[in-house]
Structure formats: C-alpha cells, structure tokens
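Chains, contacts and geometry: an overview
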Amino acid sequence: MLDTTIADQTQTFLDDFGAALAAGDVDRASGMFLDDSYWRDLVAFTWNLKTVEGPAGVRDMLSSQLAQAKPSDFKLQEGEIPAEDGGVTTAWITFETAYGHGWGLLRLKDGKIWTLLTALQELKGFEEPKGNARPMGAEHGAQKDRSSWKERRDAEERTLGYDIQPYTVIIGGGQGGIALGARLRQLGVPTIIIEKNDRPGDSWRHRYKSLCLHDPVWYDHLPYIKFPDNWPVFAPKDKIGDWLEMYTKVMELNYWTRSEVTSASYDADTETWTVVVDRDGEKVTLKPTQLVLATGMSGKKNMPTFPGQDRFKGTVQHSSEHAGPDEWEGKKVVVIGSNNSAHDICAALWENGADVTMVQRSSTHIVRSDTLMDIGLSALYSEEAVASGMSTEKADMIFASLPYRIMHEFQIPLYDQMKERDADFYQGLRDAGFQLDFGDDESGLFMKYLRRGSGYYIDVGASQLIIDGKVKLVQGQMKEFVTDGVILADGTKLEADLVVLATGYGSMNGWAADLISPEVANKVGKVWGLGSDTTKDPGPWEGEQRNMWKPTQQDRLWFHGGNLHQSRHYSLYLALQLKARMEGLETPVYGLQEVHHKG
C-alpha cells in the first residue's frame, strides 16, 4: 500500500499556495519560496517564457500578473504520487488560470518552493479536437452536392493566401516550421508555411549524404505522431526528410514549396504584415497578422571570405553546400572547423578515399554518442525510460523544469562521469594534438548548445580517425588562399582540391535583417543564448533563450526552431500564444525581452 503522507503534505502546501494566490496576497505567496528559488513559467501566468528568481522575483511577477491570471485549483496530478529524495519533494501538479488549463512540476525543500514549473497546456474553449472531441471525418447520411474531404482540402489550398488571408505565416519549412504548423492546424489557426525547396524534408536531403541524427529517436519525436517502435535510434537524413514530407501531408499543412519570401514589412496602423512571396515564379502578396521566422538557428551560414580566394583553382564550399564525398576520391581536402559537421564530413571523405586534413581553430567539446545516451539521456529519453512509464511529454517537462541558472550544476557531475569512463579516448585525442574542452565551467554539451549553439561534436566515429592519424589534424587560423591550397596564420601551407568551410551559422536575426530590415533586426536583437557570460554567450543574464518562442520587441514577430526536441516542446507554447491573440484574449506580457546585443 502506498504511503500517502508525502502526498497529503504536498497537497496541503498546494492548498495554502492556491489560497494565497486567490486572496491576492502576493507577500504570502512569495514568502513560500526559498531565498534561492526559481519559478519558470511557460505562458500560463506571464504570456511569455520567463523565469523569475527568489521571493522578490516572484513578488514582482505576481504583482503584475495575478489579477489577470486568476489561478485556481492547484492539485497533485491524478495518478502521480510525489517522491522524496535527499530532502527534496518532487510533485507533478495541475492548475487552472482564467484562460486555460496548465500542469507543472514542483520541488519543495525545507517546506518551501525550490523550483516551480508552470506551463499552459490548453486554452479554455479552444481545446484541440482530440479524444472524444475528435472530428467525425465522414458525414453519414444522404446530402445533395456535398463536398468530399479532398474537395474541401483542394479548395482550402486554392483560396488560402489568395481569397482568404492566413492569420500566421511561417517562413521556413524545416522541422521547426512543420511542428509549429501542425500545432496551429490543430488549434484552427489559418497558417501558410513558406519553403524554398522543392519538397518538404529537402533541407535534410540536400545535406552531405552521411548526415544522420546524433540525438536518439526517443529525444526526436514530432508532435502528435511519434516515430514507430522500429524506427532507427539514429535516423539517416533522407529517412528524416521522407518522414517530414509524410508528416506535412497527413497533418494537412498548407505548405508552399518552391516559394521564397522576397520582403516583409509591418504596418503598425493596420497591425498586419505584408509578405511578398515568389511562389514558383508567381508573385503573391500575403497579409498575415503574425509572422514567424522558423529559418533555423543553423540556417544562415557563416561564409567568410579570405584573401586570394578568387585565384584558388579548387572548389570552396560551406559545409551546408557539401553534397558528399563521391567526387573527391583520391583528392586532397581541407576542412576548416572542428564541430559536428566538420567531423562528419571528414569521416565520410576518408571513407571514400580522400586525403583529409581538419583545421581546428579553437578548442572543441567531444562526447561519445554511446556515453551521452547512457549517462546524459537515458533517464529521460531511452527505451528503459519508456518502459518505466516516462512519456515524451513528461520527459520534456522534467528537462524544462531545471532552471537555466542552475542547470550546469546538474550537468557537471554527469560530464565528470563521462570523463572518467572515456579517459583513454580523451587521452588519445590529446595525444593526437586535438584541443578539448568541456565548456567554460566543465558542464558539457547541453550547456554549450543552449548558450552558444556551437563548439561541440557528438562522436559517432570520426574522433578515432583523428586519434589514428587517418584524418590529419592541424591547429591554426585561415590566412589566405593560394592557387593550390590554403595558407594558415603561422605560414603552414595545406594543398587542397576542395576546401570545406565548416564555419557554422549566424544568429537568426540575420534573417530578420535580410527579409525585413536591419532596423527590425537591431530592434529585436540577438537570437539564442542565455546571457551566461561564457564564450560566445555574452551577459547580462537573460534566464531564457533570447527571443525564442516568445514575444519580441517587434510586435507580432516571432522566432521558432532549435533541435527536434525544442521544436516539438516549444511549438505548443508558441502556438497557444498565437491562438490566444487570434481569438482576442487579453495577453499582457510580463518581462518582455530586453535587447542587450544586436547580432
């Protein structure tokens, strides 16, 4: 028989917390938080993605938002028993606000709140049509001149964007745009996704042929339709491309291929955007209310130029343009860079008989894939986690419940274990001359990704080629091209038939500068990063990802994307924000993103 004492105590705490909120007693409610505490809210209270810290932060947020949020009915989630470990009680909770239903994760320590995650799950009166509310599909009975499902779909595709304007336009049809489009479709938000490629999934198909997901399948599901049980752990790029294409069809997305936005501008008087699209040679002008850039945090390539590049007789490619190794057998290839793409490309070229040299410009974090899955991900995203009852949604919420301010403290011990397990592997890399790091504070992959989105490689085999000397390694900075190769800053010459610039990608607001204006890009500021004051993530502290999935300083302009996990999880909260605005709900935003960095 389960001991319900902890459950009773936790529910009593929730009752007291709810009573304080219902009474509007901000001081009493904020006093229920530890001095060192964190409340992360995903839209439910703040109409934002916002983390407040300590009683003072809670007091300020509640003073602003409590009257409109009207929270109530705080309960332990049905079927979930709180757990106590090391003096910390963890409990799944549900609650309501004036506009929606929410759930979250509570951690209590010393009788007070240490961390609290609250997340809006659905809007009252605008719930997704699922379960018992799912559409009938077929209309039984006899009716003259009825339209079939296909006829209705054809009519929608023919009229949306022409006779009828979409409420939302999403620029970018990769996994981010597709995931958000699916959420908005289920919420009844008329949406068009703009994609320049010929087919959904081409952004994957067009990459180098050895590309595959480095994250495991349990981490990578899309909303609504999970990968089947026999889907490979690490899906090849073309398989992902096919899945995305299938997904856009079965989720009935209005997806414009061979389409490119040539300009976008906002009219503050009419509160609408004018988006000019070249749709396969036809000029179409759209007038959406909301504009989402889902062009990918790894979408706008950094393509530096170097002196002498015009006299180089070989080929120069950015890593995003590199199709694969087939035509480079027996050729000399120099790859500038040492992160994921650089390693993958080097390995594929070596396998195909090329003479490959990697130029490492700065230290890189390496973690072996098997070790990452075992130590870093298995508790939340693995077959064992699924067998223990860990759903994708619960795993996402647990991950989201760790405040960014202290997340590194949880990561450092994990990476200490990885260093110990793979000590010989890391020594082999050092002996080969590879410059290693584990982040500025030794917190490893996830923090590097969240802070800067670069500077790492999940090893799926290329590291051993470097250890064995099969892929040659040189340290240095590019200085210039010569007719038959490149010269590094120290004078080293590397002969090359092909130079691959694996030089990464720029901030997403670069797309805002190109498509809208530099002024709007500067108004919005840098996209991505936490303000951790670590390498490539300048302070001050932000507490959330800059400008991602939430309101920006440019009215009705949003940014969406990230890896498959983030595209899946955060698409819900962005979709709910857009739906609320379409329905005319009041959405007072607390803590609108300040701009500290313009690019």
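Residues numbered from 1 in each chain as written. Predicted model: local features only at pLDDT ≥ 70, side-chain atom pairs only at ≥ 80, totals over all residues. Heavy atoms only, no water.

Turning our eyes to something else, we now look at the layout of surface pockets. Its volume calculated, the second largest pocket comes out at about 1200 Å³. Looking at the second largest pocket, it is lined by 35 residues, and the ones nearest its centre are Glu128, Lys130, Gln186, Tyr224 and Met251. When contributions to the lining of the second largest pocket are tallied by element, the ones reaching two or more residues are strand S7 (112-123), helix H4 (149-159), helix H5 (175-186), helix H11 (392-401) and helix H18 (564-582). A per-element tally of the lining of the second largest pocket places H18 first, with five residues. Along the lines of polarity and charge, the residues of the lining of the second largest pocket split into 14 nonpolar, seven polar and 14 charged. (1 Å grid on protein atoms, 1.4 Å probe; cavity = no way out; pocket = protein on both sides within 12 Å on 5 of 7 lines; lining within 4 Å. Points joined across faces, edges and corners; volume = space filled by probe spheres on them. Helix = DSSP H or I, 4+ residues; strand = E, 2+ residues; numbered from the N terminus. Nonpolar A, V, L, I, M, F, W, Y, C, P; charged D, E, K, R; others polar.)

Turning our attention to the nonpolar core. Core analysis: the largest hydrophobic core is formed by 161 residues, its most contacted members being Phe17, Trp39, Leu62 and Val335. The element best represented in this core is H18, accounting for nine residues. Here Phe17 is in contact with Ala29, Met32, Phe33, Trp39, Phe74, Ile113 and Leu116, once residues within four sequence places are set aside. Core analysis: the next-biggest nonpolar cluster, separate from the first, contains 14 residues, Val334, Ile336, Leu494 and Leu501 among them. (Core = buried A, V, L, I, M, F, W, Y, C linked by side-chain atoms within 4.5 Å. Buried < 20%, exposed > 50% of the residue type's maximum accessible area, 1.4 Å probe, protein only. Contact = heavy atoms within 4.5 Å.)

Between helix H9 (residues 369-377) and helix H12 (residues 404-421), whose axes approach to 10 Å, the crossing angle comes to 145°. Between H9 and H12 lies a crossing whose hand is right-handed. Residues Thr371, Leu372, Asp374, Ile375 and Gly376 of H9 lie in contact with H12, whose contacting residues are Leu414, Tyr415, Gln417, Met418 and Arg421. (Axes fitted to C-alpha atoms, helices over the stretch in contact; angles between N-to-C directions. Left-handed = near helix turned anticlockwise from the far one by under 90°.)

What follows is about the pattern of salt bridges. Pairs can form between side chains of opposite charge once their charged atoms are near each other. In the structure shown here, the tally under the stated rule is 37 salt bridges. A salt bridge links Lys237 to Asp238; its shortest N-O distance comes to 3.2 Å. Assessed through its relative accessible area of 3%, Lys237 is described here as buried. On the basis of relative accessible area, Asp238 is assigned to the partly exposed category, the value being 34%. Put simply, Arg546 and Glu542 hold a salt bridge, and the shortest N to O gap is 3.1 Å. According to the relative accessible area criterion, Arg546 is buried, its value standing at 2%. For Glu542, a relative accessible area of 16% puts it in the buried group. Taken together, the salt bridges that share partners define one network made up of Arg153, Glu156, Glu157, Arg185 and Glu252. (Salt bridge = Lys/Arg side-chain N within 4 Å of Asp/Glu carboxyl O.)

Further remarks concern the environment of Met508. For Met508, the position within the fold is in the loop between strand S24 (498-501) and helix H16 (509-515). Taking the C-alpha atoms as reference points, Met508 and Gly330, separated by 178 residues in sequence, lie 38 Å from one another.

Let us look at helix H13 (residues 423-431). Of all the positions in H13, only Phe425, Tyr426, Gly428 and Leu429 are classed as buried. Mapping the buried residues of H13 onto a view down its axis gives an arc of 155°, with all of them on the same face. In this structure, H13 carries Asp424 and Asp431 as exposed residues pointing more than 90 degrees from its buried face. Where H13 is buried, its residues touch strand S18 (365-368), H12, strand S19 (456-459) and helix H15 (462-467). Where H13 ends, the next residue or the one after it, Gly433, has phi of about 95°, a positive value. (Arc of directions from axis to C-beta.)

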